[in-house]
Amino acid sequence: MRIVLLFCCVLAIPAADAATCTMPSAALRATACSNCITRKVAAPARRPTAPAPVRLALTLTQTANRMEVLADSCFDDPVAGHDAQLYLALTENSLNSDVTAGENARRALHHDHVVRQLAGPLDPHHASQRFSLQPGWKAADLGVTAFVLDARGATLQALAMPGCP
């Protein structure tokens, strides 16, 4: 199965049982495939800002034991792209931990966006990364976060998308 996210606005899944959707200003609604559930992500209310200086596109391919990520970027200012760096993080949601001591003793804590693997710095113009999935990780709760940093470490563009088992 192949999932494509383009500039954090369009999600296209070229498969016979897939649907294509776009992100309206209020929420992202994506039906990824017959094996995945519909996911909604609310967009935070923000003041209008200048467009991002880089357009970032991700393509995810996920199997039972790996997730392959292709990332491509196009910079408005080609000079900015020379010193930029791309990082990719494989994340997992819906993790829980039972605390046995301290102020949270006897409580169960819920964790989202836990980084399982981090890759980078990578070439922001075109990068390919294969993440090996470990036993015990919940494939339905995995996703990828990508971010492009300039030479000073400021974020030029970031996006995240869920995987699909």
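Everything quoted here is computed from the prediction, not taken from an experiment.

Time to look at the sheet that holds strand β11 (residues 114-122). With respect to topology, 4 strands assemble into an open sheet ordered β11-β8-β13-β14, the strand pairing being antiparallel. Strand pairing shows two members of the sheet lacking a second neighbour, β11 and β14 (155-162), which therefore form its edges. Between one strand axis and the next, the sheet turns by 15° as a mean value, whatever way the strands run.

A few words on the packing of aromatic side chains. A full pass over the atoms with the stated rule returns 1 aromatic pair. Taking 5.4 Å as the distance between ring centres and 15° as the angle between the ring planes, the aromatic pair formed by Y87 and F147 counts as stacked. Note that Y87 is positioned in strand β8 (residues 85-92) and F147 in strand β13 (residues 142-149), a separation of 60 residues in sequence. A residue is classified by how much of its surface remains accessible, and Y87, at 17% relative accessible area, is buried. Residue class for F147 comes out partly exposed when judged on its relative accessible area of 24%.

The next thing to look at is the pairing of β14. The side chains of a regular strand alternate, residue by residue, between the two faces of the sheet. Where β13 meets β14, 7 bridges bridge the pair, whose relative direction is antiparallel. Bridge assignment links F147 to a residue of β14, and that residue is A158.

Our focus in this paragraph is the environment of W137. By secondary structure assignment, the location of W137 is in the loop between β12 (126-132) and β13. When the C-alpha positions of W137 and N65 are compared, they lie 9.9 Å apart, and in sequence the two are 72 residues distant.

On to the nonpolar core, then. Ranked by internal contacts, the top residues of the largest apolar core, which has 25 residues, are L58, M67, V69, L86 and L88. If you list the elements that add at least two residues to this core, you get β6 (54-62), β7 (66-75), β8, β11, β12, β13 and β14.

This next bit is on the environment of L86. Structurally, L86 is set in strand β8. Here the alpha-carbon distance between L86 and A158, two residues 72 residues apart in the chain, equals 9.5 Å. Aside from chain neighbours lying at most four places away, what touches L86 is L56, A71, A119, G120, P121, L122, D123, P124, A127, A146, F147 and V148.

Before going further, it helps to examine the pattern of salt bridges. A complete count under the given rule lists 7 salt bridges for this structure. In this structure, the salt-bridge partner of E68 is R130, at a minimum N-O distance of 2.9 Å. Of this pair, E68 sits in strand β7 while R130 sits in strand β12; the two residues are 62 residues apart in sequence, bridging distant segments of the chain. Under the relative-accessibility criterion, E68 is labelled partly exposed at 25%. Salt-bridge contacts for R116 lead to E92; the nearest nitrogen and oxygen are separated by 2.8 Å. With R116 in strand β11 and E92 in strand β8, this residue pair connects regions lying 24 residues apart in the sequence.

Criteria and thresholds
- Residues numbered from 1 in each chain as written.
- Predicted model: local features only at pLDDT ≥ 70, side-chain atom pairs only at ≥ 80, totals over all residues.
- Heavy atoms only, no water.
- Pairing = 2+ DSSP bridges.
- Helix = DSSP H or I, 4+ residues; strand = E, 2+ residues; numbered from the N terminus.
- Axes fitted to C-alpha atoms, helices over the stretch in contact; angles between N-to-C directions.
- Phe/Tyr/Trp six-rings, centres within 6.5 Å; stacked < 30°, edge-to-face > 60°.
- Buried < 20%, exposed > 50% of the residue type's maximum accessible area, 1.4 Å probe, protein only.
- Core = buried A, V, L, I, M, F, W, Y, C linked by side-chain atoms within 4.5 Å.
- Contact = heavy atoms within 4.5 Å.
- Salt bridge = Lys/Arg side-chain N within 4 Å of Asp/Glu carboxyl O.

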